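Results of the structural survey
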Amino acid sequence: MIKFFLMVNKQGQTRLSRYYEHVEINKRTMLEAEVIKNCLSRSKDQCSFVEYKDFKLVYRQYAALFVVVGINETENEMAVYELIHNFVEVLDKYFSRVSELDVSFSIMFNLDRVHIILDEMVLNGCIVETNRNRILAPLLVLDKVAES
Amino acid sequence: MALKMVKGSIDRMFDKNLQDLVRGIRNHKEDEAKYISQCIDEIKQELKQDNIAVKANAVCKLTYLQMLGYDISWAAFNIIEVMSASKFTFKRIGYLAASQCFHEGTDVIMLTTNQIRKDLSSPNQYDTGVALTGLSCFVTPDLARDLANDIMTLMSHTKPYIRKKAVLIMYKVFLKYPESLRPAFPRLKEKLEDPDPGVQSAAVNVICELARRNPKNYLSLAPLFFKLMTSSTNNWVLIKIIKLFGALTPLEPRLGKKLIEPLTNLIHSTSAMSLLYECVNTVIAVLISLSSGMPNHSASIQLCVQKLRILIEDSDQNLKYLGLLAMSKILKTHPKSVQSHKDLILQCLDDKDESIRLRALDLLYGMVSKKNLMEIVKKLMIHVDKAEGTTYRDELLTKIIDICSQSNYQYITNFEWYISILVELTRLEGTRHGHLIAAQMLDVAIRVKAIRKFAVSQMAMLLDNAHLIASNTQRNGICEVLYAAAWICGEFSEHLEEANQTLEAMLRPKVTTLPGHIQAVYVQNMVKLYASILQQKEQSGEKEAAQEITQLMIDRLPQFVQSADLEVQERASCILQLIKYIQKLQIKEVPVAEEVTALFAGELNPVAPKAQKKVPVPEGLDLDAWINEPPSDSESEDEKPKTIFHDEEQRHSRHRQPEIDEEELARRREARKQEQANNPFYIKSSPSPQKRYQDTPGVEHIPVVQIDLSVPLKVPGMPMSDQYVKLEEERRHKQKLEKDKKKKKQKKEKRGKHHRHNSLHTESEEDIAPAHHVDIITEEMPENALPSDEDDKDPNDPYKALDIDLDKPLADSEKLPVQRHRNVETLKSPDSEAPLAEKKSKKPKKKEKKHKEKERDKGKKKEKEKKVVEEEEEEEKKGDDLDFWLSTAPPPASTAQPQSEPEVGAAVVAEPQEVKKEEREERDEEEDDEGKKSSKHKKKKHKKEKEEKSKDKKKSKKKSHHSEEETAGSVQNGTLDDEPLPPMSSYRLLAENPYIKMTYDIQGNLQNDSQVTVSVIFENKSTSFLKSMELNVLDSLNTKMLRPEGSSVHDGIPVPFQLPPGISNEAQFVFTLQSIVMAQKLKGTLSFIVKNDEGSTHEKLDFKLHFSCASYLITTPCYSDAFAKLLESGDLHMSSIKVDGISISFQHLLAKICFHHHFSVVERVDSCASMYSRSIQGHHVCLLVKKGENSVSIDGKCNDSTLLSNLLDEMKETLSKC
């Protein structure tokens, strides 16, 4: 099961957070800070899996942006690693269509939309959808409604 | 109005949207907190406005702030407002905010129930989707209970988009409301074969999670999953299924055998690393589950290890990591296959990545053998020196200790080497693990007697060099070893060569800078040392030296007496006084050594950590009982202070007891020893010989090899373990040569015969004899210790609640609670719940099916009317199905290979004998049945029942190897005290047509004397979608349907749900009535729209609602004395009936009256029973039921004679059907 899904930049600022099990708000900030510290301290030639407390972090770095996923021992690390890339590809596809801005900015400005994408892909800590078109379908419907 | 709107939109133009907020925060880097609090104030203002768009915008901003770590729970109510917006664009913002910040503690969450239900049934799939997504984040036990049925309905939604989400949410619902699992499970199972792969994958996900926690309940799904695995091409799904099999195989080794082949095929063929990794993991799980004596599978292990080696050798660090991770799993069962890759693992210790190094360390733990332990530890020691960063070094340290100490020091052949390793580790700077090293030192010194002399010498050296360890405050973690060193030197002081020197080292002023608890141990052990020196000196007649040492103690001890630490102070002053006393005696030339050493006589033995727990409670001792009756509350308050005072006085007096002289002490000690010897619960100082060697069988037979300690032992600050390695190698070489010589002799003697056998053994590690007589004392346990190993299971584990037997037929009380007509919600009576819960389409269907089956059997088993029996059989059949699939069914055509057949055969042979026998018996029984068929019906029925029971017992036996828990469960299920009751349903058919079937039940309401609730189950029988259902009834003067205020008597009441094909749901309607003494009939109509591919049509269905008198009664328990009084009161009318031709048992009869007529039994004597019930308007109804040979007579008494006679008539009708 996926426990949480985070996007954090190099300065340690959270750009997206989704918890699939309730974590109190003050604990969230601490957790995020520790998670990013853990990831930042690792060099490129280290593996993308970090054992952290009772779960495992799977992370990928895209320029200044880290995507970190916390999983429990039953999740397949490699599958989650691939999921992250899939997610970033979907974001890239959607936001390159919407704006020319840096993806990182698009995420901040369209936090709600990023959440829709994420919710289409991961639900209840399980991977539900990986097909790019199907993931984006509800969002495109929404955009059409907004335009009209 | 228009103006207001314009004004609103102008206002909005000045509002910040999310983008402005983000920009603003970026532009106010210096005073971010201030800026944000300003924004929050603005947001609060925006939330006060009526405009939903403004509110949604505000909530959207809050969501962003929440992500930054600001608490927004104060806006929970506003979030709910936005959630209930009609426009999807706003609604989703509300749900997003809710999903981010709502949780079980949010109190307003209960307000959302109706909104969520509405959204779930919304015609817009995205409304439903967003509600489901939100629900997955904040579902509470209450929401789960209230919405379980709605979500379950959505699992059969027409859109796969909704279906897959609903399926996934169900997992959360199960967790929060475990009762929902059994009723929902059949549908979840269906979804495994859903035409849409997304839904399929969701169902696999959920079952995978469920099965991981309680795998045994899902074993029966194995064939289905197997089919999915061989047919699916979706890697994500495959990963999950394979993971699921990993959880199932430990329970069913035969399943593992079946899996090996397709899995190895996948391993060979797949290019996806994630899938490969998963396959390898499951193959490992399979191999673990299979008994080790399966040479056939060595190929699979080799394949896995090979693949993993490739992963580990890969330049991709991720693969390397996973490879090591999986390797460590193989290690547990097949250490030999991994050990051959030692080179690779050791190489990983040099990796740049710490996590990889740690994994490699884990592997090393399992790879050590007697042969390579020293070598591996040597490597690790080098890494300890090289390691940067204390965490990794600490990790290395603990690993070294773990590796060496594992399974009772199994792999250590030379304890001198190990002690020197420990001493070397004390030189680590800044480690946190001083206590760990100390514990090891103590353990080894205590348990390995032969090493004590050496250990003492090493510890004395440590004490001598204590300044190196204690000087640096940063090193304070390591000074813990001084604790161990001081204790060992004191306790085993007889081995000390230069005790004087050590004593002086312990008395150095520097010692006072050590932590208190260490000083305390120092003080205590000084005396032990002192005692042994004293004895030594006295024996050799050096009186002066003895007095000198006493003087030294008296001179130095005061520094401890001044210690700030109480423990140190107390011990030091006691001992100082003691020594002063000794000095006095010494001056008088009295020999004292004997008595001083007696203070520390006897040996301390290690006690097992669980020993205390295992002491059995002696018979007749009740630990929970009060020793003295507790004082009453009123007293205790004033008395408490007094008792405390009193207590104190007592303590004082105890302290003032006259000082005891040595002789007295010795006498008392003797007496205590006596007492201990007689006390069975005292842990004795010398363990029984069998116990001592329990864990190390045969160790004492290993020849003791004397080694010449040529290595200087007392070289401070120089690593010595290497020298031991060399020594050990030499020793082993010598040993080998000797052995070879012996062997040659043997060979000469028995040439030819055992030739092969011998050559095989030469390299085995068992041949390495330890350097010492390793006398490892096992930890002590109390005699007659309780053998049970306590469960370490967490009683609070939320998943434990989901450990539910899914194959058991669904009981009536287990149905999901259904949403109710809103009028009823406030009037809900506890009585109405149980029967209400019972309902649903599946029941009649099941019966039909069964009926058909029966017909097929052509009355063979006519007598077996009992449903319970049938269900039992069905269950068994299911079990047989799995057995059949596992044992005989050939693997799927594509992967079938002839090779697999002998394996299967072997599996059957490997089955426990008992089970097999039972199976045969069962089969015999079945054959028996068919053979004798119709001969003796009645006897057979009895026999059948008996068999059923015995089968149950057998079944529980069969299962017993799974877990004890289960045994208990099935026994409970199987042995009913009374004969089973047939299932009863109070739901009667209301009306039926090709589209829909309605059944109904009427329940009275205690809270309101003029209302009853009619629960109607609507079952969609068609393949079309039914919607806009509306129910209307033609009111009579006496009985009226309760309609919402303002609607006329001609308005129908809408049914608050829609019905997808094959779905049933329940709605409730409330009726008011004036008189209840007579039965009533009301005409009514249900109108609905049928929607299918061809379009939609309007349909109607007429019905007649029958209000029987029994439906006005409410089951009310009554005590027999109250019942008697009631009968005596004399204001009841009486009437009686008699029904002939009753064949059912009295118990069934009573059950029928209780169930259908809402009575409760007051008393039952033989074939006579008194029963009671109460109407909603307070009429008492008393019955006396008597059963004759073939008839039943019922005498009734009631306040109202009409009601009574009507009730009795109804009862007559019911009974005449029996």
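Residue indices follow the written sequence of each chain, beginning from 1 at its first position. Whichever chain is written first becomes A and whichever ligand is written first becomes 1, with later ones labelled in order. In keeping with the model being predicted, local features are shown solely for residues with a pLDDT of at least 70 and side-chain atom pairs are shown and tallied solely at 80 or more, while totals for entire chains, interfaces and linings include all residues. The side-chain numbers reported here are obtained from all heavy atoms of the structure, hydrogens and water having been left aside.

1. Focus on the overall build of chain A
Tallying secondary structure elements over chain A gives five helices and seven strands in all. Across the 148 residues in chain A, those meeting the buried criterion constitute 61%. Across chain A, the fraction of contacts at a sequence separation of at least 24, relative to all contacts at a separation of at least 6, is 52%. Surface summary for chain A: the accessible area is close to 5900 Å², and the carbon and sulfur share equals 52%. Secondary structure follows DSSP: runs of H or I at least 4 residues long count as helices, runs of E at least 2 residues long count as strands, and numbering of each begins at the N terminus. Whether a residue is buried, partly exposed or exposed follows from its accessible area with a 1.4 Å probe, protein chains only, as a fraction of its type maximum: under 20%, in between, or over 50%, in that order. Contact between two residues is taken to exist if any of their heavy atoms lie within 4.5 Å; hydrogens are not considered. Under the convention used here, a 1.4 Å probe and the Shrake-Rupley method define accessible areas, while residue burial counts only the protein chains that appear.

2. Looking at the overall build of chain B
Scanning chain B from terminus to terminus reveals 51 helices and 15 strands. Across the 1218 residues in chain B, those meeting the buried criterion constitute 48%. Restricting to contacts in chain B with at least 6 residues of sequence separation, those with at least 24 account for 71%. By element, 52% of the accessible surface of chain B is carried by carbon and sulfur atoms, the whole surface being about 62400 Å².

3. Considerations on the sheet that holds strand 9 (residues 1095-1107) of chain B
All names here are of chain B. Pairing between two strands is assigned when DSSP locates at least 2 bridges connecting them. Here we have four strands laid out as an open sheet, ordered 6-4-8-9, and antiparallel in their pairing. Among the strands making up the open sheet, the edge pair consists of strand 6 (1053-1054) and strand 9. With 13 bridges joining them, strand 8 (residues 1080-1092) and strand 9 adopt antiparallel strand pairing. The residue bridging lysine 1083 from the neighbouring strand is lysine 1104, located in strand 9.

4. Some remarks on the packing of helix 50 (residues 1146-1157) of chain B against helix 51 (residues 1201-1216) of chain B
All names here are of chain B. Two numbers describe how helix 50 lies on helix 51: the axes approach to 11 Å, and their chain directions differ by 130 degrees. One way to sum up the angle between helix 50 and helix 51 is to call them oblique. The hand of the helix 50/helix 51 crossing is right-handed. Facing helix 50, whose interface residues are Leu1149, Ile1153, His1156 and His1157, helix 51 presents Glu1210, Met1211, Thr1214 and Leu1215. For the contact of helix 50 with helix 51, the per-class residue count stands at four nonpolar, three polar and one charged. A fitted line through C-alpha atoms serves as each axis, taken over the contacting stretch for helices, and the angle formed by two N-to-C directions is quoted from 0 to 180°. Any angle that falls under 35 degrees is termed roughly parallel, while one over 145 is termed roughly antiparallel, one within 65 to 115 roughly perpendicular, and all others oblique. Less than a right angle of anticlockwise turn of the near helix away from the far helix marks a crossing as left-handed, whereas a clockwise turn marks it as right-handed. Polarity classes work like this: nonpolar for Ala, Val, Leu, Ile, Met, Phe, Trp, Tyr, Cys and Pro, charged for Asp, Glu, Lys and Arg, and polar for all others, with Gly in that last group.

5. Re helix 9 (residues 141-154) of chain B
Residues and elements named next belong to chain B. Expected span of a helix, by definition, is 1.5 Å for each gap between consecutive residues, and there is one gap fewer than residues. The terminal C-alpha atoms of helix 9, which comprises 14 residues, lie 19 Å apart, in line with the 20 Å expected from a rise of 1.5 Å per residue. Consider a residue and the seven residues that end there alongside the seven that start there; fitting an axis to each set, the bend is the angle between those axes. Along helix 9, the sharpest kink reaches roughly 55 degrees, centred on leucine 147. For helix 9, the tally of buried residues reaches ten of 14 residues, placing the bulk of the element in the interior. Turning to helix 9, its buried residues are Leu143, Ala144, Leu147, Ala148, Asn149, Asp150, Ile151, Met152, Thr153 and Leu154.

6. Digging into the packing of helix 23 (residues 390-409) of chain B against helix 25 (residues 434-447) of chain B
Two packed helices can be described by the angle between their axes and the distance between those axes. Residue and element names in this part refer to chain B. Here helix 23 crosses helix 25 at 25 degrees, and the two axes come no closer than 11 Å. Classified by the angle between their axes, helix 23 and helix 25 sit roughly parallel to one another. Here the hand of the crossing between helix 23 and helix 25 comes out left-handed. Note on element contacts: helix 25 touches helix 23 through Leu436, Ile437, Gln440, Asp443, Val444 and Arg447, opposite Leu397, Thr398, Ile401, Ser405, Asn408 and Tyr409.

7. Points about the interface of chain B and chain A
The interface of chain B with chain A comprises 55 residues on the first partner and 55 residues on the second. Each of two parts loses accessible area, computed with a 1.4 Å probe, when they are put together; buried area is these two losses added. Per-residue buried area on chain B facing chain A is highest for Met67(B), Trp236(B) and Asn318(B); these three make up 14% of the total on that side. Each reported salt bridge corresponds to a side-chain nitrogen of Lys or Arg within 4 Å of a carboxyl oxygen of Asp or Glu. Linking chain B with chain A are eight salt bridges. With a shortest N-O distance of 2.9 Å, Lys164(B) and Glu129(A) are connected by a salt bridge. Counting of polar contacts relies on pairs of N or O atoms within 3.5 Å, with two restrictions inside protein: one atom must be capable of donating a hydrogen and the other of accepting it, and residues adjacent in sequence are counted only when both atoms are side-chain atoms. The interface formed by chain B and chain A contains 27 residue pairs in polar contact (both at pLDDT 80 or more). Residue classes in the side of chain B that touches chain A are distributed as 24 nonpolar, 15 polar and 16 charged.

8. As for the pattern of salt bridges
All names here are of chain B. For the structure on display, the rule yields 43 salt bridges over all chains. A salt bridge links aspartate 443 to arginine 447, with the shortest nitrogen-to-oxygen separation between them at 3.3 Å. Of this pair, aspartate 443 and arginine 447 both sit in helix 25, separated by four residues, roughly a single helical turn. Each member of the pair, aspartate 443 as well as arginine 447, carries the same accessibility label: buried. Between glutamate 567 and arginine 571 there is a salt bridge, with the nearest N and O atoms lying 2.8 Å from each other.

9. Description of the nonpolar core
Phe87(A) and Tyr522(B) are the most contacted members of the largest nonpolar core, which totals 287 residues. Sequence-distant contacts of Tyr522(B), defined by excluding residues within four places in its chain, comprise Leu463(B), Ala466(B), Leu482(B), Ala486(B), Met506(B), Val511(B) and Leu514(B). Among buried residues, those of type Ala, Val, Leu, Ile, Met, Phe, Trp, Tyr and Cys that are joined through side-chain atoms within 4.5 Å constitute a nonpolar core. Residues Phe1018(B), Ile1053(B), Ile1076(B) and Val1090(B) belong to the second largest nonpolar core, which totals 36 residues.

10. Details of the confidence of the model for chain B
Residues and elements named next belong to chain B. Note on scores: pLDDT gives the predictor's confidence for each residue, bounded by 0 and 100. Considering every residue of chain B, the mean pLDDT works out to 75; 71% of them sit at 70 or more. Per-residue pLDDT stays below 50 along residues 822-850; that stretch engages in 67 contacts with residues further than four places along the chain or on separate chains. Residue range residues 943-979 is modelled with pLDDT below 50. Its contacts to residues more than four positions away, or to other chains, number 35 contacts. This complex was scored by the predictor with a pTM of 0.58 and an ipTM of 0.94.

11. A few points about the sheet that holds strand 4 (residues 55-62) of chain A
Sheet strands pair by backbone hydrogen bonding; their relative direction is either parallel or antiparallel. All names here are of chain A. What the five strands build is an open sheet, ordered 2-1-5-4-3; its pairing is antiparallel. At either margin of the open sheet sits one strand with a lone partner, and together these are strand 2 (14-19) and strand 3 (49-52). Averaged over all adjacent pairs, the angle separating strand axes in this sheet is 20 degrees, with direction ignored. Both strand 4 and strand 5 (residues 65-71) contribute to a ladder of seven bridges, which runs antiparallel. Each residue of the ladder has a partner; that of tyrosine 59, found in strand 5, is valine 68.

12. Comments concerning the environment of Ser540(B)
Residue and element names in this part refer to chain B. Locating serine 540 in the fold gives a position in the loop between helix 30 (516-539) and helix 31 (543-556). A relative accessible area of 44% means that serine 540 is categorised as partly exposed. Reaching out from serine 540, the side chain makes a polar contact with the backbone oxygen of lysine 537 at a distance of 3.2 Å.

13. A closer look at unusual backbone geometry
Residues and elements named next belong to chain A. You will see that lysine 53, though not glycine, has its phi angle at about 50 degrees, which is positive. Tracing the sequence through the fold places lysine 53 in the loop between strand 3 and strand 4. Of note, asparagine 124 is a non-glycine position whose phi angle comes to about 60 degrees, a positive value. Note on placement: asparagine 124 falls in the loop between strand 6 (122-123) and strand 7 (126-127). Its relative accessible area of 2% is what places asparagine 124 among the buried residues.

14. Observations concerning the side chain of Asn1065(B)
As for its placement among the helices and strands, Asn1065(B) is situated in strand 7 (residues 1064-1073). A distance of 3.2 Å separates polar atoms of two side chains, one belonging to Asn1065(B) and the other to Asn149(B).

15. Focus: a nonpolar patch on the surface
On the surface, Phe77(B), Met110(B) and Leu111(B) cluster together into a nonpolar patch covering about 340 Å² of accessible area. By the element assignment, Phe77(B) lies in helix 5 (residues 76-83). Like charges within 9 Å and nonpolar side chains (Val, Leu, Ile, Met, Phe, Trp, Tyr) within 5 Å are joined into patches, using only residues over 30% in relative accessible area that form no salt bridge.

16. Quick notes on the pairing of strand 2 (residues 996-1004) of chain B
All names here are of chain B. The buried count for strand 2 comes to nine of nine residues, which makes it a mostly enclosed element. The alternating pattern of strand 2 places Ile996, Met998, Tyr1000, Ile1002 and Gly1004 on one face and Lys997, Thr999, Asp1001 and Gln1003 on the opposite face, and all of these are buried. Sheet topology places strand 1 (residues 988-992) next to strand 2; four bridges connect them, and they run antiparallel. Bridging across to strand 2, arginine 988 finds its partner in tyrosine 1000. Where strand 1 folds back on strand 2, the antiparallel hairpin that results is connected by three residues.

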